[in-house]
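Structural features, examined
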Amino acid sequence: MALLEMHDIQKDFPGVRALDGVSLTLDAGEFHALVGENGAGKSTLMKVLSGVYPASEFQGRIAIEGQTVSFSGIRDSENAGIAIIFQELSLVKELSVGENIFLGRAPSRMGVIDWTELYARASKLLHDLGLSIDPRAKVGALGIGQQQLVEIAKALSRNARILVLDEPTAALTDAEVETLFTILHDLKKRGVGMIYISHRLDEVFRMSDRITVLRDGRTVASHIASETSKDGIIAEMVGREVTDIFPESEHDLGEVVLQAENVTVYSIDEPDKRLVDDVSFNVRSGEVLGIAGLMGAGRSELLASIFGAWQGKHSLKLVLDGSPITVRTPWEAIRAGIGFVTEDRKRYGLIIEQTILDNMTLAALKRISGRILTSKQNERRAAAEPMRSLRIKAPSVETVAGTLSGGNQQKVVLGKWLLTKPKVLFLDEPTRGIDVGAKQEIYAEINKLAEAGLAIVLVSSELPEVLGLSDRVIVLHEGKKTGEFTKAEATATRVMAAATGHGV
Amino acid sequence: MSDFKSIFTNRAALRAYAMIGVLAAIWILFHVITPGHTFLTPRNLSNLMTQTAVTGVIAVGMLMVIVSGQIDLSVGSIIGFAGGVAAYAMADMGYSMTAAIIAAVVMSTAIGLFQGALTAYVNIPSFIVTLGGLLAWRGAAKWLLGGNTIPISDETFKGIGNANLPIEYGWGVAGLLVVIVLFAAYRRAKSTDNENNGGVGRELLKAALPVAAIVGFFAIMNAWQGVPVPVVIFLCIAFLGVFITRSTVFGRYLYAIGGNADAARLSGINNRWNVLKVFGVLGALTGVAALIFTARVGSALPDAGTLKELDAIAACVIGGASLVGGRGTVFGACLGALIMASLDNGMSLVGVSDFMQDIIKGSILVIAVGLDMAGRKQS
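Source: prediction; values computed, not measured.

What counts and how
- Residues numbered from 1 in each chain as written.
- Chains lettered and ligands numbered in written order.
- Predicted model: local features only at pLDDT ≥ 70, side-chain atom pairs only at ≥ 80, totals over all residues.
- Helix = DSSP H or I, 4+ residues; strand = E, 2+ residues; numbered from the N terminus.
- Rg over C-alpha atoms; globule rule 2.2 N^0.38 Å.
- Buried ≥ 20, exposed ≤ 12 C-beta atoms within 10 Å, placed from the backbone.
- Contact = placed C-beta atoms within 7 Å.
- Domains from an automatic or database assignment.
- Pairing = 2+ DSSP bridges.
- Axes fitted to C-alpha atoms, helices over the stretch in contact; angles between N-to-C directions.
- Nonpolar A, V, L, I, M, F, W, Y, C, P; charged D, E, K, R; others polar.
- Parallel < 35°, antiparallel > 145°, perpendicular 65-115°, else oblique.
- Left-handed = near helix turned anticlockwise from the far one by under 90°.
- Core = buried A, V, L, I, M, F, W, Y, C linked by C-beta atoms within 7 Å.
- pLDDT = per-residue confidence, 0-100.
- Expected span 1.5 Å × (residues − 1).
- Arc of directions from axis to C-beta.

Considerations on the overall build of chain B
- Check the secondary structure of chain B and you find 15 helices and 2 strands.
- Relative to the globule expectation of 21 Å for 379 residues, the C-alpha radius of gyration of chain B, 21 Å, shows essentially globular dimensions.

The following block contains the structure:
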């Protein structure tokens, strides 16, 4: 008997059918991957499963071990042994690891928390998972990867039999991914059924017993993992054959546009700690320079300090188009011709409740409109070009940015920076969390911009992306530059070796 | 997905209509229950508009501060202090009226900039800075006035709070405004850039409501003694506020900073400088409000403007502003101020006791925001 059965689930939102007859079964000890483009219905399906949408709000049947269940809230699904780890972590940063694990269920006597017992139990739990995390440490002090693992420990402390992981590796280093998979492997042996949502097909194929593909709210296919291939899955996800994710592109390299010398960046919290240590690089017009490195290698900090956005101590020399410049604020950087598509678009890139138009013209507002007064007419005219060339799918430029899909949001941020008419464009994780189709469009756009003579610096955690797009790759490891490769030299093993410090 | 735009824009419009509806309901209610049905008379409406003026002028500046994600709790005390400065300059130092006006506005602007600098450049939260200001400037007012009131003898100065625009001037202004509205409608109709261009006929039809409002307003005010000068000042400032928030780079930056401070900074906006400026604007407007208040009372009082900050904040919030920042309109804040003043005025006419008035106003504020939140959640 299946551990979990979801049968013919149908969920409507006003005007949209989000799920249209989706079925899914999960056996004990099964690793079941759920893939699909953003908006395909994966998250909605998991919200149905977890009781976020109560039983009255959708049609269809959910059964656990053959028993039909009906959840009216998250608490019900938790009691039934379902634990969901969402993309955005739900830990309280100011509390300790132990407190977070037992949040709401702390062992207590007459309302007084038994701290000894709590930390003893937390400690055992973490130890069982093979994690060396201090249960008394504040969650906020841990890296994002360790926080993810704490979240899993928390789920397991509730004796979850069904574990849903939504993009759990998006923020993890490769080492942390390994730890995670070791843990998942162990859980599998213990009979926990897992539903694994991820855009990273390498991971999906690594452990899955079965792979279910959703598209536009329907189940497109459900495969035994060994009977299908990556290309096949991608084709089913996007509904078309993807022949070449990274289109071959010839870039004509021109003069050096930006030269950054001896960049050193210090941590804001610990002023003695060097996040970037004496790194120098240059980028030519028409060139895509990839910056590879693991999480925490200092890539984003390197770009932020050049852009004048680093609020801690830093020192560097910049030469733009052959003449030395100083950049103290983002405004000076923009004026000098540097654009910065920042990571984490919701936090740093977009004003989520404003329109596409307002977002897109923000960085170049004074140039587009005039110094004092805004001109809606000029703004519309300026935004029309990126709307079209980036193929942003929205009813109009007045659409609120928060209602767009991740891919379209990312394109709006890219459009915002293209409107500043940069000579150098920094791209920090430009395709994180967006679907395959949108990724491809952004890759094509990057190539187009390079062909048009823009100098591009690309930071990405996805190695294939860096290798596929870059003319040259530099590698950072713990703040130091540990390698530089031409396109021909840059292989995954070499770059990875440099990124892990087993250099050159 | 295709009708997100219409949902959003219609919701903003819907909100404005709902508020106008609420205002109308309040007015009709008071008119019915007031002894002698005196609420909706030209005399009382003229009075009501004058009462709205002080809160309204501050609410316009407060709205901009709130949109940028900040708050100012000190404006009530600054009214007391700036009013004191004006009266002291004239009565005790023998300055001319003009010099006294300048002194008061410069003083309140300087205070606004000072508090803005502490917020923007010293990173003290504005809530704390202006909470300190709430105490300190009230103390300064009491110190300056020595705990007494300073009467004002200059009749021209008192006119700022009590005079009226001569009736024929009023009609002149009304005519001018109607022409401007019609011309704007005509230009919109002819503009090629407008997405939902409905042609000349439709644009003129859409202009009918504002034209009727203008004519109606001036007719009612002129039926009593003409438009009161404080109301003229308030309306000018309201239009200025609408213009700043909707049509200037500064205004757009305020919404961006309040909406997402990090994204704004990384887009090259100097957040600190703009926060400093918006506190300066509110300071200047507070000075204007102080002049109206002092002129209307005819003397500077040590406790002038007490609790005005709360009226202004309430007006903004009732008008749809979010205290988190990034959202709110000057139009909404002005309507909010008018609603608050209507409650004051109406309840006084009905003879509701002071303490009951406060209880009702407080409850209405909470209920209004509660309903707004419930409405947002649903959609």
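A few points about the overall build of chain A
- Helix and strand counts for chain A stand at 18 helices and 22 strands.
- At 24 Å, chain A has a C-alpha radius of gyration in line with the 23 Å of a compact globule built from 504 residues.
- Oriented by its inertia axes, the alpha-carbon framework of chain A measures out at about 70 × 50 × 50 Å.
- Going through the 504 residues of chain A one by one, you find that 45% of them count as buried.
- In chain A, 67% of the contacts between residues at least 6 apart in sequence involve partners at least 24 apart.

Observations concerning the domain arrangement of chain A
- Each assigned domain of chain A is listed here: domain 1 (4–238), domain 2 (253–337 + 422–504) and domain 3 (350–421).
- The C-alpha-based centres of domain 1 of chain A and domain 2 of chain A are spaced at 34 Å.

Points about the environment of A:Gly415
- For A:Gly415, the location among the structural elements is in helix 15 (residues 406–418).
- Excluding residues within four positions of it along the chain, A:Gly415 makes contact with A:Met360, A:Pro386, A:Leu390 and A:Ile392.

Focus on the sheet that holds strand 3 (residues 31–35) of chain A
Residue and element names in this part refer to chain A.
- One open sheet holds the 6 strands; their spatial order is 6-9-10-3-11-12, and the pairing between them is mixed. Bordering the open sheet on either side are strand 6 (82–85) and strand 12 (218–224), each of which pairs with just one other strand. Looking at each pair of strands side by side, their axes are set apart by 15° on average, direction ignored.
- The pairing of strand 3 with strand 11 (residues 210–215) spans 4 bridges and is parallel. Within the sheet, the bridge partner assigned to Leu 34 lies in strand 11 and is Thr 212.

Examining the interface of chain A and chain B
- Counting from both sides, the interface comprises 30 residues of chain A and, opposite them, 22 residues of chain B.
- Listed by contribution, the elements that provide at least two residues to the side of chain A that touches chain B are helix 10 (330–336), helix 11 (345–349), helix 13 (365–369) and helix 14 (376–389) of chain A.
- In the side of chain A that touches chain B, the residues fall into 15 nonpolar, 9 polar and 6 charged.

Some words on the packing of helix 3 (residues 75–91) of chain B against helix 12 (residues 271–297) of chain B
Residue and element names in this part refer to chain B.
- Viewed as axis vectors pointing N to C, helix 3 and helix 12 meet at an angle of 60°, and their least axial separation amounts to 8 Å. When the interaxial angle is binned, helix 3 and helix 12 end up oblique. Of the two elements, helix 3 crosses helix 12, and the hand of that crossing is right-handed. On helix 12, the residues touching Val 75, Ile 78, Ile 79, Ala 82, Gly 83, Ala 86 and Ala 87 of helix 3 are Leu 282, Thr 286, Gly 287, Ala 289, Ala 290, Leu 291, Phe 293 and Thr 294.

Section: the sheet that holds strand 16 (residues 314–320) of chain A
All names here are of chain A.
- One open sheet accounts for 4 strands, arranged 14-13-16-17; its pairing is antiparallel. Since the sheet does not close on itself, it has two edges, and those belong to strand 14 (274–284) and strand 17 (323–325), each with one partner. The average angle at which neighbouring strand axes cross in this sheet is 15°, direction not considered.

Looking at the nonpolar core
- Core analysis: the biggest nonpolar cluster contains 183 residues, and A:Ile456 and B:Val57 have the highest contact counts within it.
- Here this core gathers at least three residues from each of two domains, domain 2 (253–337 + 422–504) and domain 3 (350–421) of chain A.
- Ignoring anything within four residues of it in the chain, the contact list for B:Val57 reads B:Ile233, B:Phe234, B:Ile237, B:Leu285, B:Val288, B:Ala289 and B:Ile292.
- Grouped together as the second largest cluster of nonpolar side chains are 57 residues, A:Phe31, A:Ala80, A:Met194 and A:Val436 included.

Notes on the packing of helix 10 (residues 249–259) of chain B against helix 12 of chain B
Residue and element names in this part refer to chain B.
- Interhelical geometry of helix 10 versus helix 12 gives an angle of 110° and a closest axis separation of 10 Å. Here helix 12 runs roughly perpendicular to helix 10, going by the angle between their axes. Between helix 10 and helix 12 the crossing geometry is left-handed. Across from Phe 250, Tyr 253, Leu 254 and Ile 257 in helix 10, the residues of helix 12 making contact are Asn 271, Asn 274, Val 275, Lys 277 and Val 278.
- Split by residue class, the contact of helix 10 with helix 12 holds 6 nonpolar, 2 polar and 1 charged.

Details of unusual backbone geometry
All names here are of chain A.
- Backbone geometry at Asn 159 places phi at a positive 55°, although glycine is not the residue there.
- Tracing the sequence through the fold places Asn 159 in the loop between helix 5 (144–157) and strand 9 (162–166).
- Despite not being glycine, Arg 391 shows a phi value in the positive range, around 50°.
- Among the residues examined, Arg 391 registers 14 C-beta atoms within 10 Å and is labelled partly exposed.

Looking at the pairing of strand 13 (residues 256–266) of chain A
All names here are of chain A.
- Looking at chain direction, strand 13 and strand 14 are connected through 7 bridges and run antiparallel. What sits directly across from Val 256, in strand 14, is Arg 284.
- Pairing of strand 13 with strand 16 involves 6 bridges; the strand directions are antiparallel. Bridge assignment links Leu 258 to a residue of strand 16, and that residue is Leu 320.

Let's talk about the environment of B:Leu285
- With respect to the element layout, B:Leu285 can be found in helix 12.
- Between the alpha carbons of B:Leu285 and B:Phe234 there is a distance of 9.9 Å; along the sequence they are 51 residues apart.

What to know about the confidence of the model for chain B
Residues and elements named next belong to chain B.
- For chain B, the mean per-residue pLDDT works out to 91, and 94% of the residues sit at or above 70.
- Between the elements of chain B, mean pLDDT differs from a low of 78, seen in helix 1 (residues 4–33), to a high of 98, seen in helix 12.
- In this model residues 1–8 is a low-confidence stretch, pLDDT under 50, and it forms 10 contacts with partners more than four residues away in sequence or in other chains.

Notes on the pairing of strand 4 (residues 59–64) of chain A
Residue and element names in this part refer to chain A.
- Looking at chain direction, strand 1 (residues 4–13) and strand 4 are connected through 5 bridges and run antiparallel. Looking at strand 4, one finds that Leu 4 is bridged to Ile 64.
- Where strand 4 meets strand 5 (residues 67–69), 3 bridges bridge the pair, whose relative direction is antiparallel. By the bridge assignment, Ile 64 is partnered in strand 5 with Gln 67.
- Counting the residues that bridge the hairpin from strand 4 to strand 5 gives 2 residues, and of these Glu 65 lies at a positive phi of roughly 50°.

Considerations on the environment of B:Leu323
All names here are of chain B.
- Residue position: Leu 323 is located in the loop between helix 13 (308–318) and helix 14 (330–350).
- A count of 15 C-beta atoms within 10 Å places Leu 323 in the partly exposed class.
- A C-alpha to C-alpha distance of 24 Å links Leu 323 and Ala 136, two positions 187 residues apart in sequence.

Looking at helix 4 (residues 115–128) of chain A
All names here are of chain A.
- With 14 residues, helix 4 ought to run about 20 Å at 1.5 Å a step, and its terminal C-alpha atoms sit 20 Å apart, in line with that.
- Listed in full, the buried residues belonging to helix 4 are Leu 118, Tyr 119, Ala 122, Leu 125 and Leu 126. Along the axis of helix 4, the buried positions cluster into a sector of 125°, meaning they face one direction only. Facing away from the buried side of helix 4, by more than 90 degrees, are the exposed residues Thr 116, Lys 124, His 127 and Asp 128.
- Buried positions along helix 4 lie against helix 3 (97–101), strand 8 (112–113) and helix 5.

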